[in-house]
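What the coordinates show
In case you want the letters, here they are:
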Amino acid sequence: MKQRQRLTYHTLFPTWKVYVDGVSNDNGSGVEITMISPEGFRLQATLRFKFPASTNEVEYGALLARLRLAKVVGTHKIEVFNDSQLVINQVFGEYQTCREKMVAYVSAMQDLLQEFKS
């Protein structure tokens, strides 16, 4: 008799890993996008911004770009790795956000994160 596979939350919605890294310096700003599927496949891209941006703005831009890419490939669960303690803590409400531009980034991030199962 053939056994049926039990479908669980984890088998229905496998976790993708999303790595965030942005850079801003005198030569410009940009981000590297790396996503790893549950099967180990890598999606990578590089974006260069054609406008001046602070390091934090680049970090937010990198994270937003990756989350949007995650939605495009149909990801429902993500695990985000980011080297900016400030960005992560602002998104999760641990740190206060003062500047208008940063408030807009935090709001966009929170809206986008709600579209994922976890």
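Residues numbered from 1 in each chain as written. Predicted model: local features only at pLDDT ≥ 70, side-chain atom pairs only at ≥ 80, totals over all residues. Heavy atoms only, no water.

As named in an unreviewed UniProt entry, the protein is RNase H type-1 domain-containing protein, taken from Cannabis sativa.

One can find Phe 51 in the loop between strand E3 (42-49) and helix H2 (55-72). Look at Phe 51 and you get partly exposed, because its relative accessible area is 44%. For the pair formed by Phe 51 and Gly 30, sequence separation is 21 residues and the distance between their alpha carbons is 9.8 Å. (Helix = DSSP H or I, 4+ residues; strand = E, 2+ residues; numbered from the N terminus. Buried < 20%, exposed > 50% of the residue type's maximum accessible area, 1.4 Å probe, protein only.)

Here we take up the nonpolar core. Ranked by internal contacts, the top residues of the largest apolar core, which has 17 residues, are Tyr 60, Leu 67, Ile 78, Met 109 and Phe 116. The residues contacting Met 109, other than those within four sequence positions of it, are Tyr 60, Leu 63, Leu 64, Leu 67 and Val 91. The next biggest cluster of nonpolar side chains, apart from the first, holds seven residues, and it includes Val 31, Phe 49, Ala 53 and Val 58. (Core = buried A, V, L, I, M, F, W, Y, C linked by side-chain atoms within 4.5 Å. Contact = heavy atoms within 4.5 Å.)

Over its 14 residues, helix H4 (residues 100-113) extends 20 Å from the first C-alpha to the last, a length consistent with the 20 Å expected when each residue adds 1.5 Å. As for H4, its buried residues are in contact with H2 and helix H3 (85-91). (Expected span 1.5 Å × (residues − 1).)

Bringing the confidence of the model for the protein into the picture now. Looking at the protein as a whole, the pLDDT averages 77, with 86% of positions reaching at least 70. Within the protein, no element has a lower average pLDDT than helix H1 (residues 9-12), which sits at 46, and none a higher one than H4, at 88. Contacts of residues 5-11 to residues separated by more than four positions or lying in other chains number seven contacts, the stretch itself having pLDDT below 50. (pLDDT = per-residue confidence, 0-100.)

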